[in-house]
Each structure stands twice: as structure tokens, then as C-alpha cells.
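Structural features, examined
Each chain is listed here by its residues.
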Amino acid sequence: MTDDTGDTDTAAGDASDSAAGDASDSAAGDASDSAAGDASDSAAGDAAEDFSLDRFHEALEAEERPVATASEVARRLGTSQAAARDALAALVDRGDVDRLDVESDPVVFFPTDWGRLATRERVVAFPDRREIVVDRPTQFTRARLSQFAHLVDTTGTDPGTRGYLYRIRQEDVWAAPFEDADGLIASLRSVLPRRFEHLEEWIRDQWRRAHRFRLYTHEDGYVVLQAASESLMGNVADQHLDDDHLRAPISETEAWVNEDAVAAVKRALYDAGYPVEDDRDLDVGDPVDIDLTTDLRGYQETWVETFLDARSGVYVGPPGSGKTVAAIATIAAVGGETLILVPSRELAGQWREELLEHSTIDPADIGLYHGGRKEIRPVTIATYQIAGMDRHRALFDSRKWGLICFDEAHHISSPVYSRTAELQTKHRLGLSATPVRETGSEEEIYTLIGRPIGADWDELFEAGFVQEPEVEIRYVPWRDEMARNEYASADGRERRRLAAENPAKIEEVRYLLAAHRDKKALVFIEYLDQGEAIADALGVPFISGETPHRERAELFRRFRDDGGESDSDRDDVDALVVSRVGDEGIDLPNAELAIVASGLGGSRRQGSQRAGRTMRPAGSALVYVLATRGSSEEEFAQRQMRHLARKGIRVRETNVAE
Ligand SMILES: Nc1ncnc2c1ncn2[C@@H]1O[C@H](COP(=O)(O)OP(=O)(O)OP(=O)(O)O)[C@@H](O)[C@H]1O
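Residues numbered from 1 in each chain as written. Predicted model: local features only at pLDDT ≥ 70, side-chain atom pairs only at ≥ 80, totals over all residues. Heavy atoms only, no water.

Helix and strand content of the protein: 28 helices and 25 strands. Looking at the protein residue by residue over its 658 residues, the buried ones come to 52%. Sequence-distant contacts in the protein: of pairs separated by 6 or more residues, those separated by 24 or more amount to 69%. Looking at the protein as shown, the accessible area adds up to about 29200 Å², and 45% of this sits on carbon and sulfur atoms. (Helix = DSSP H or I, 4+ residues; strand = E, 2+ residues; numbered from the N terminus. Buried < 20%, exposed > 50% of the residue type's maximum accessible area, 1.4 Å probe, protein only. Contact = heavy atoms within 4.5 Å. Areas by Shrake-Rupley, 256 points an atom, 1.4 Å probe, with all protein chains shown as cover.)

Structure representation (C-alpha cells):
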């Protein structure tokens, strides 16, 4: 922010300085008279023409861009950069040209008229870098862009006022939800200020790549890999696949695929830049008796239809957006026996409840398979942990599953990856609240399960199905000089811990809980010592990985309890301090306040999930993120919250007084 302003100041300063310089030169009767004359009298002189709006248009045309830097204009018009900058500054003064500060780039200029065309929103394309910067984007533009571009950054935390930087990566084109390339290009054109031939060509090329290989089931039952041309089969497939993948060629463009290697084939070709279309017939499994009893919302119907078309895919939506319910609808639509994999026992229990609530399934048809119980039934819910163990292979083999559902799909562990890679003949559904994955399993989820479905969160917020939380980052000062010095002289991990455990945060948590006395609150921490310290200081129960299951479940139950005046006042828990265990998927719909006291070194995923805990349709939700001022937490907090801001969530920043 400060940098941008700095740039602007300097540029403006330079412009007026040099104008003043010219003026004095001219007074001295220097040869550059005419330039000085131009500055004061634009009606006459060569240089005035050189830098008229028309000439600027010419420079832009030559650049093939709607905006240009002063150096680019100088190069196109054959003048010095200083002269171009001065002339542009004069055009800016006259109101013919506007300027835009692009973060980490020089100032760019564009004709004011173009800016007026979109009074609020301004879209600037950098086709060579395949980047699009949108200033004050409308919902429409964001929704469109999210279909084929990847939001890299917002240059501020307030989504209403600053630039959004999108980049179109090849995998974005591959996963774009369009029937054909024309549909994608039409969507691109509806957003960009004009056509960019090269960019469109590149997108078409990427699109083609994603439709060059296809897997299908031969009428005799085996799997065939089909390439769009002989040379693709020869140059790409043969180079990246071996005898383990392909059994034998069938024709110049087709090969018989080893059934066990379907996932490996998809992965190898994806890595080679040719994602494979999967048109195989899939197992439906033995029938299961289940009908949906809840009416789906419009967007849930679209998710399910898209899934049924593709027969695989990942529902991506914020916590509470109804992925589980959409998954139950999918189970009913596929109609075959289903294996559901979840990250924890608690989630297994919740899944069972939701199945019973939203469908006609007979309770006897639901099995739970985890540390405590080993039931394999037509619909079986198992933990990833168990599913990854060799001795529990029976889980996969003992029934004819038609659908495998991966809840919190970013949790799939590598043993589960390799095991489920063998299950490519089943319908595969993933659920995820996290489209962005920092450790890069995007391609694994894509090749193992399928394409993301429904990544456009704005629509959900707009439709009001997910409560938009207010997120506030509170920068907490060090408690005293000693704490600050200790941090300054520590390094690495220790440094991070000191910032996380800044004792001043305890008082801040106390203050926030008191300020929202009427709200059910969760306090998230990363370090156990800190959890204990907060819990002790505030007299609030603490749940960590060490808390026995029974006690944990009991505390969650008491937290969920509305605690009416009559019965359970004593029993009621209004606040919980929770370590990582409570982080994910635990259904505490009545949490109205979340305080993230530490854990900012974690991934973006955690950031969005923590905020997500309170993103429930009930009640008004507030998230406070505490970051120690003057530590690396500041930056982490901003980065994580930007990620949320990108999802359309309002974020505010506050400095806590010393
Ligand atoms: N179509 C619907 N009609 C009525 N209620 C619904 C519908 N879809 C979802 N819900 C309700 O909204 C809440 C959240 O739904 P669900 O648990 O499916 O979300 P989710 O996206 O799976 O959340 P999480 O990511 O936290 O698991 C639940 O209470 C559920 O009963």
C-alpha cells in the first residue's frame, strides 16, 4: 500500500520537476524550447503532437495492450523515457489519460475514456503473462474469471476497493467447466476489454490438450486408451507410458490399458500436459435402498448433475454449504453401495446422522468402520487412517462398491492414495472446503478423483446459504520489552513459537470473550502450553489430541447444548479452547465467535477452515485472528486473510493499543 503511494508520489514529483526544468531551460534559450512551449501551450509544437492522445493510442496498439508503462510508450514513439513520462503526466493532468499502480510493477497508463466505460470496475490484461488485473471487480466478473483463471492475489484485504490478480494456468483451462473451447473463449471475451488473439490461441491449445486422450470401455470389457492422432500415441503416450501401463497396442491410435494402472496412466499423461478424459463405464455396485428426503438447493442440483455427467469430481464449497447433503443426493442417484472415507471418527458419526436425517436409508444399512467398530454394510463410513492400513484391505474388497466418497479430500493419505488408485472402476466423489492446496496435491486429487465441481463461492454467499463472517485481524503488541527482545534474539521454530505464545494474547482473548459474553466461542491454538495457559487463566475447558474421546464428545455436546434456563445451566459450556484436533469438520453449528490465538504459521487451508468453523447458516458469526505485532505472524495473518477475502469474505484489521 505504502509502496504504491510512494511510486505515485515519485512519478508525480518527477513529472513536475522536469517540467520546471524545461521551463527554466527555455528561459535560457536552450534548443529544447519547443518542448517547454508544449508544456504551457498544447496547441502548438512538434512534441505536443508526439504525445497527443492519438499518439498514445498508437503506442498502445503497437504494444497490443490496453495499458502501457512510460518506457513502453517511449520505445514505441522513439523518445526518451523521461520525455514520455512527462508527456503522459501532462495527459494525466488534462484528464485524457489515467494511471494505475500495479503491485510490483511500474505504473501503467491508459486512456481515461476506457476507464469511464467501466466506472467501477477496470480490467487490465497482460496477455503475455496470462494475467488479468481487475480493479474493483463486479460479482459477474469474479464469477466468470473463477471459471477459467486462478486468483493469485488481491493487493488489499478489502475486496471492494483494490486490484485482484488472476492468472490463467494450463490446469485452470483443463478444469474449466465448459462444453467446448468456444464457450470458454466467449466467457473470456465477456470479461476482457478487447480480444487478445495470442491468449485465445493459447487457451484453445490448452483446451485441445485436455481432449486429446480418452479412456473408454471396449465392448468386450477392457479399458482402451485412445489418442486423437497417431503421432500423439507415438510421441506422447509411448514416451510417458510403459508395459506396466499398457498391455498392447490395438491400433495406431489405441492401446489396451492395464486395468490396475488406470490412475497411473492418468497421472503420467497429466504430468506430460495431456489430461485424459475418462469415459469408461463405471461400476454401479450392488443396489442400495436409499432416497433423498431433503429438497436440494439449486446449486446443489447443479453439482449433482455435473457429477452424474462426469461420473467423478470434487464438490468444492465452503464449510456449511451443503456438500454432505449433496453427497447423500449423489449416493441416492448412483444407487449403488457406497464407501465413505472421512478424516476422523467424529466425522464418521456425523455422516451417519446426516444420512439418517436427509434420506430414507435403513439405519441397519449404515456401517461404521473405525478404531471402535468394524461394520461393513451397504453404506460404510470409514476413517482414512483405517483405510490406509494393510490389514483392513477387506474394506475395499468385501463389497462391490459403486461409489467411493472422499470427505475432506485434501486429507487423503498416501497409502489411501495408492489403495484407492486401484478403485478407478468406481464412481468417485470428493468433498473439499479447500480449493487451494499448498502442498500441491491438486493434480493427485484431479487424477485420482476428478475435476473440481462448483468452485464459485461468491454465488453461495450471495444466495445467502452461507453466513458471511466478519473476520478481524487484531495485531497484539508484545507484553513488554523483554518478550520483544527474546523474540528478536531467537530464530526459526523458536521464534515462531514465541510469537504464537505471546502472553499478551491471553488478555486479548479475555477481552474478546467478555465483549461477546452472549456468544458461543471457540479459541483455536497451536501450542499445547498456550492452550493450557489460556484455559487456566479464563477457566475454559481445553480440548487437545490428548483429551479422551469420551470427554471430547461430552464437551462438544455440552457446547452444542442451547442450555435453556431450566435444565442444564450447570452443564452448559459457552467457550472451548481447541487445539488442532478441533480444527476440522467438527459440527458445532452454534459457534458464533472464533478466536484464532495461534496457528498462523499453518497452511492457508487451516486459515479458511478455522474461519469456516463459524461460517454456518445459523446466527451471526465473527472471527478474530490474533497476530503478534512486529512478528512474522503479521504477514501470515494477512496472507491467510487475503485468501478469505478472495472468497468474498469481509476482512478488517485493528491494532490493539499497547
Ligand atoms: N438442501 C438443503 N436443505 C436444507 N438444509 C440443508 C440443505 N443442504 C444442507 N443443509 C443443511 O446445512 C447444514 C450444512 O450442510 P452440510 O453438512 O451438508 O455442509 P458441508 O458443506 O458438508 O459442511 P462441512 O464442510 O462443514 O462438512 C446442515 O445443517 C444441513 O442439514
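A surface patch of negative charge is lined by Glu 179, Asp 180, Asp 295, Glu 301, Glu 305 and Asp 309. Take Glu 305: it is sitting in helix α14 (residues 298–310). Overall, the relative accessible area of 52% leaves Glu 305 in the exposed class. (Patch = residues over 30% accessible without salt bridge, like charges linked within 9 Å, V, L, I, M, F, W, Y side chains within 5 Å. Salt bridge = Lys/Arg side-chain N within 4 Å of Asp/Glu carboxyl O. Lys, Arg positive; Asp, Glu negative; His and termini not counted. Charge placed at Lys NZ, Arg CZ, Asp CG, Glu CD.)

Turning to helix α4 (residues 53–63), its buried residues are Phe 56, Ala 59, Leu 60 and Glu 63. All buried residues of α4 project into a common sector of 100° when viewed along the axis, lining one side. Facing away from the buried side of α4, by more than 90 degrees, are the exposed residues Asp 54 and Glu 61. (Arc of directions from axis to C-beta.)

It is worth spelling out the sheet that holds strand β18 (residues 452–453) at this point. Neighbouring strands of a sheet are bound in pairs by backbone hydrogen bonds; such pairs are parallel or else antiparallel. Strand order in the open sheet formed by 7 strands is β14-β15-β13-β16-β17-β12-β18, and the pairing between neighbours is parallel. A strand with exactly one partner marks an edge of an open sheet, and here the two such strands are β14 (366–369) and β18. Pairing of strand β13 (residues 338–342) with strand β15 (residues 379–383) involves 5 bridges; the strand directions are parallel. Each residue of the ladder has a partner; that of Val 342, found in β15, is Thr 383. (Pairing = 2+ DSSP bridges.)

The element strand β4 (residues 131–135) is extensively covered by neighbouring structure, given that 5 of its 5 residues are classed as buried. Side chains Glu 131, Val 133 and Asp 135 of β4 all project onto a buried face; the interleaved residues Ile 132 and Val 134 project onto the opposite face, where all are buried too. One ladder, built from 5 bridges, connects strand β3 (residues 122–126) with β4; its direction is antiparallel. Paired with Val 124 across the two strands is Val 133, which belongs to β4. What sits between the antiparallel neighbours β3 and β4 is a turn of 4 residues, in which Arg 130 has the positive phi angle 55°.

With that settled, consider the nonpolar core. Nonpolar side chains tend to gather and get buried jointly when the protein is soluble and globular. Counting 31 residues, the largest nonpolar core has Tyr 315, Ile 340, Trp 351, Leu 355, Ile 381 and Leu 429 as its most contacted members. At the level of secondary structure, the elements contributing two or more residues to this core comprise α14, α15 (323–334), β13, α16 (345–358), β14, β15, β16 (403–406) and β17 (427–432). Once you skip the residues sitting within four places of it in the chain, Leu 429 turns out to touch Phe 307, Gly 313, Tyr 315, Ala 327, Thr 330, Leu 403, Ile 404, Cys 405, Phe 406 and Ile 449. (Core = buried A, V, L, I, M, F, W, Y, C linked by side-chain atoms within 4.5 Å.)

With that settled, the discussion passes to unusual backbone geometry. In this model, Arg 130 sits at a positive phi of 55°, which is unusual for a non-glycine residue. When you line up the elements, Arg 130 lands in the loop between β3 and β4. Assessed through its relative accessible area of 28%, Arg 130 is described here as partly exposed.

The strand order across the open sheet built from 5 strands is β9-β10-β8-β7-β11, with neighbouring strands paired in mixed fashion. Only two strands of the sheet have a single partner each, and these edge strands are β9 (246–249) and β11 (276–279). When the angles between neighbouring strand axes are averaged without regard to direction, this sheet yields 25°. Pairing of strand β7 (residues 213–217) with β11, which is carried by 4 bridges, proceeds in the parallel orientation. Pairing of Arg 214 across the sheet is with Glu 277, part of β11. Against the sheet, helix α12 (residues 230–240) touches β7, β8 (223–227) and β10 (254–257), its axis set at about 110° to β8. (Axes fitted to C-alpha atoms, helices over the stretch in contact; angles between N-to-C directions.)

For the rest of this paragraph, the subject is the packing of aromatic side chains. If you walk through the whole model with that rule in mind, you get 7 aromatic pairs. Between the aromatic rings of Tyr 299 and Trp 303, the centroid separation amounts to 5.2 Å while the plane-to-plane angle is 70°, which identifies the pairing as edge-to-face. In this pair, Tyr 299 and Trp 303 both sit in helix α14, 4 residues apart, roughly one turn of the helix. Per residue, the accessibility class of Tyr 299 equals that of Trp 303, and both read buried. Here Trp 303 and Tyr 315 contribute two aromatic rings whose centre-to-centre distance is 5.4 Å and whose plane-to-plane angle is 25°, an arrangement assigned as stacked. Placement of Trp 303 in helix α14 and of Tyr 315 in strand β12 (residues 312–316) is noted, with a sequence separation of 12 residues between them. Neither residue differs from the other here; Trp 303 and Tyr 315 are each classed as buried. (Phe/Tyr/Trp six-rings, centres within 6.5 Å; stacked < 30°, edge-to-face > 60°.)

A word on the packing of α4 against helix α5 (residues 70–77). It is at 9 Å that the axes of α4 and α5 come closest, and there the two elements cross at 95°. Here α4 is positioned roughly perpendicular relative to α5, judged by the angle of their axes. Contact residues: α4 offers Arg 55, Phe 56, Ala 59, Ala 62 and Glu 63, while α5 offers Glu 72, Val 73, Arg 75, Arg 76 and Leu 77. Partitioned by chemical class, the residues of the contact of α4 with α5 number 5 nonpolar, no polar and 5 charged. (Parallel < 35°, antiparallel > 145°, perpendicular 65-115°, else oblique. Nonpolar A, V, L, I, M, F, W, Y, C, P; charged D, E, K, R; others polar.)

Further remarks concern the side chain of Glu 501. For Glu 501, the location among the structural elements is in the loop between α23 (492–500) and α24 (504–515). A polar contact is formed between the side chain of Glu 501 and the side chain of Arg 497, at a distance of 2.5 Å. The residues contacting Glu 501, other than those within four sequence positions of it, are Tyr 527, Asp 529 and Gln 530. (Polar contact = N/O pair within 3.5 Å; in protein donor to acceptor, adjacent residues only side chain to side chain.)

What follows deals with the pattern of salt bridges. With the rule as written, the count across this model stands at 30 salt bridges. Close ionic contact of Asp 172 with Arg 169 constitutes a salt bridge, the shortest N to O distance being 2.8 Å. In this pair, the class of Asp 172 matches that of Arg 169, namely buried. For the salt bridge of Lys 520 with Asp 574, the shortest nitrogen-to-oxygen distance reads 3.5 Å. One end of the pair, Lys 520, is in the loop between α24 and β20 (521–524); the other, Asp 574, is in the loop between α26 (549–560) and β22 (575–578), and 54 residues separate them in sequence. Overall, Lys 520 belongs to the buried group, its relative accessible area being 8%.

What follows deals with the environment of Ala 82. By the secondary structure assignment, Ala 82 is in helix α6 (residues 81–94). C-alpha separation for the pair Ala 82 and Ala 70, spaced 12 residues apart in sequence, amounts to 8.1 Å.

Time to look at α14. Over its 13 residues, α14 extends 19 Å from the first C-alpha to the last, a length consistent with the 18 Å expected when each residue adds 1.5 Å. When α14 is considered as a whole, its buried residues turn out to be Tyr 299, Gln 300, Trp 303, Val 304 and Phe 307. Considered in projection along α14, the buried side chains sweep an arc of 140° and stay on one side of the axis. Along α14, exposed side chains directed more than 90 degrees from the buried face belong to Glu 305 and Asp 309. Just downstream of α14 lies Arg 311, where phi reads positive at about 65°. (Expected span 1.5 Å × (residues − 1).)

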